[in-house]
Amino acid sequence: MGTQASIAIENAHLLQSTQQALKESNALYRVNQGLVTSLDPDELLQDTVELLQKNFDYHYVQIYVADPESGDFVMRAGSGKIGAQLKAREHRIAAGEGIVGYTAETGSFFFTNNVDDVASFTRNPLLPDTKSELAIPVKANGTILGLLDIHQVPPKYLSQRDIQLVSAVADQLAVALQKADLYETLQISLQQEKAIRDQLVQNERLAVMGRLLATVSHELNNPLQAIQNALFLLKEETNFSTQGKQDLEIVLAESERMASMIERLRATYRPIQVEDFIQTQINNIIEDVYALISTHLRHNQITFEFHPDPSLPSIPALADQIRQVVLNLLMNAVESMTTGGKLTVGTLLTTQKKSLLPFEIPAKALHQELLPNIFEAFVTNKQRGTGLGLTISYDIVMKHNGRIAAENCPTGGAIFSIWLPTYNGEILTHGAYSHHR
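These lines cover the structure that appears in this document, whether it is placed above or below. All values derive from a computational prediction rather than experimental measurement.

## So, the pattern of salt bridges
Inspection of the entire model under this criterion finds eight salt bridges. Asp57 is paired through a salt bridge with Lys156; the nearest N and O atoms lie 2.0 Å apart. Of this pair, Asp57 sits in the loop between helix H2 (41–56) and strand E1 (60–66) while Lys156 sits in the loop between strand E6 (143–152) and helix H5 (160–235), and the two are 99 residues apart along the sequence. Asp116 serves as the salt-bridge partner of Arg123, at 3.2 Å between the closest nitrogen and oxygen. With a relative accessible area of 32%, Arg123 lands in the partly exposed category. Shared partners join several salt bridges into a network, and the residues in it are Asp67, Asp72 and Arg92.

This is the structure we're talking about:
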């Protein structure tokens, strides 16, 4: 009977052990399945701690990652309400502090069922009942990606089996994090590729439009000159009424304005030679344009602020065309600032030795539906105007091997930024203002 009882007890222990192993295997499978389905790193970490706590009945689970700037370990995910509180506080542990810091320094797991016996242990006020703790590094190719920290309270305790299970989860987590990182990198690369492809398409579209504008301006020039000559001959006539003379003066003025616009178009798209580029100081151009429109700004109750970078070098440029770009942007700004305001322009030599021209104007932002195509020809929502000003400005900047961009400000208004190359880099000029095309 004693022998039979011993066998029965042994079988019962074996059955209990088998059932526990099956339960743990099923739980580990569910954890691994959860890790496989997630591609967002933050979501992945939070899923891991919740799955571990739920499936293995741990008191508390958290994951730390290293802060490259401070060297501290920041809690990025924690289970339950305690985890949410610690994450909201941006809880962190200094390197070498506590069991987590020690594990990070040694690169190997640390396990105890009596944290009070560990000299380096630091008790968290939100976890007053912790008695057992297990910290395991999450490593990939010898690099620590994070630290998985398990807390348990009496009457439960941690065992070697927990070390094996949590180590298996840490290995799966490392693979999942690498996969998520690769996915994120791939998405960024795809977005960059799409942006480059869209930019190339836009450049080609604008180049075609530029050639079309050059052809049209050339074809319009001859008949316009004939019209002007006829108008000058009519002006010599003496049998016009007073109203007729006034009308003739208006037609002459408008024809001259049209001729001037066509000449600017022809100049913009005329083949450029290297010798046409001369050393130009962008700060001086902005000041010249401001002097030209200062009276117009005052009449529209617009104040002008210019913040020049005194270290800005002269750049090789077509001064008249750069002046035209600045004038286009400033006049567009004035048209958009119907109730007055402040127009800010600045220049800056960037860290890449590029010059930036920022145009900053607070008011209404750019229409979102127009923003992607803002530099295309005939894209406008103004009652008057052709929508060619920004297209010509874009082509001029491209001709200087620079770039121009438009974006809305979070605080209101819009920013137009122009990057122009110097011999050793580039200059950035930008400004933000309300603009309606």
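## Brief notes about H2
Taking 1.5 Å per residue, 16 residues should reach 22 Å; H2 reaches 22 Å between its end C-alpha atoms and fits that length. Along H2, the residues that are buried comprise Leu44, Leu45, Thr48, Val49, Leu52, Asn55 and Phe56. The buried residues of H2 occupy one face: seen down the axis, they fall within an arc of 155°. Positive phi shows up at Asp57, right after H2, with a value of about 60°.

## Regarding the environment of Ile315
Its location among the elements puts Ile315 in strand E9 (residues 315–317). Here the alpha-carbon distance between Ile315 and Leu420, two residues 105 residues apart in the chain, equals 8.1 Å.

## Some thoughts on the sheet that holds strand E4 (residues 110–112)
With antiparallel pairing, the six strands of this open sheet are ordered in space as E3-E2-E1-E6-E5-E4. The open sheet is flanked by strand E3 (92–93) and E4, the only strands paired with a single partner. Across five bridges, the pairing between E1 and E6 is antiparallel. Paired with Ile63 across the strands is Leu148, a residue of E6. With respect to the sheet, helix H3 (residues 80–88) is in contact with E1 and strand E2 (73–78), its orientation differing from that of E2 by roughly 145°.

## Brief notes about the side chain of Asp67
The residue Asp67 is located in the loop between E1 and E2 in this model. Side chain to side chain, Asp67 and Ser70 meet in a polar contact 3.1 Å long. Of the polar contacts made by the side chain of Asp67, one reaches the side chain of Arg92; its length is 3.3 Å. Beyond its immediate chain neighbours, meaning those up to four positions away, Asp67 contacts Asp72, Val74 and Arg92.

## Some thoughts on unusual backbone geometry
Trans peptide bonds make up the majority, and among non-glycine residues the majority have a negative phi. Backbone torsion omega between Pro154 and Pro155 reads 10°, so that peptide bond is classified as cis. One non-glycine residue, Gln301, lies in positive phi territory at about 55°. Note on placement: Gln301 falls in the loop between helix H7 (282–299) and strand E8 (302–307). Its identity is not glycine, yet Asn401 carries a phi of approximately 60°, on the positive side. Along the chain, Asn401 turns up in the loop between helix H9 (389–399) and strand E12 (403–408).

## What about the side chain of Asn124?
Mapped onto the elements, Asn124 comes out in the loop between E4 and strand E5 (132–140). Residue Asn124 is classed as buried on the basis of its relative accessible area of 14%. Not counting residues within four places of it along the chain, the set of residues in contact with Asn124 comprises Leu86 and His91.

## What to know about the packing of aromatic side chains
What characterises a pair of aromatic rings is the spacing of the ring centres plus the angle enclosed by the ring planes. Under the criterion given, the structure shown has three aromatic pairs. With 5.9 Å between their ring centres and 35° between their planes, Phe56 and Tyr58 make a pair best called tilted. The residues Phe56 and Tyr58 share a single accessibility class, namely buried. The interplanar angle of 10° and the centroid separation of 4.5 Å between the aromatic rings of Tyr290 and Phe304 together place this pair among those described as stacked. One end of the pair, Tyr290, is in helix H7; the other, Phe304, is in strand E8, and 14 residues separate them in sequence. Given the relative accessible area of 32%, Tyr290 is considered partly exposed. Phe304 sits in the buried class, given a relative accessible area of 17%. One residue, Arg403, lies across the ring of Trp419, its end atom 3.8 Å from the ring centre.

Here is what the cut-offs are and how they apply
Residues numbered from 1 in each chain as written. Predicted model: local features only at pLDDT ≥ 70, side-chain atom pairs only at ≥ 80, totals over all residues. Heavy atoms only, no water. Salt bridge = Lys/Arg side-chain N within 4 Å of Asp/Glu carboxyl O. Helix = DSSP H or I, 4+ residues; strand = E, 2+ residues; numbered from the N terminus. Buried < 20%, exposed > 50% of the residue type's maximum accessible area, 1.4 Å probe, protein only. Expected span 1.5 Å × (residues − 1). Arc of directions from axis to C-beta. Pairing = 2+ DSSP bridges. Contact = heavy atoms within 4.5 Å. Axes fitted to C-alpha atoms, helices over the stretch in contact; angles between N-to-C directions. Polar contact = N/O pair within 3.5 Å; in protein donor to acceptor, adjacent residues only side chain to side chain. Phe/Tyr/Trp six-rings, centres within 6.5 Å; stacked < 30°, edge-to-face > 60°. Lys NZ or Arg CZ within 6 Å of the ring centre and 35° of its normal.

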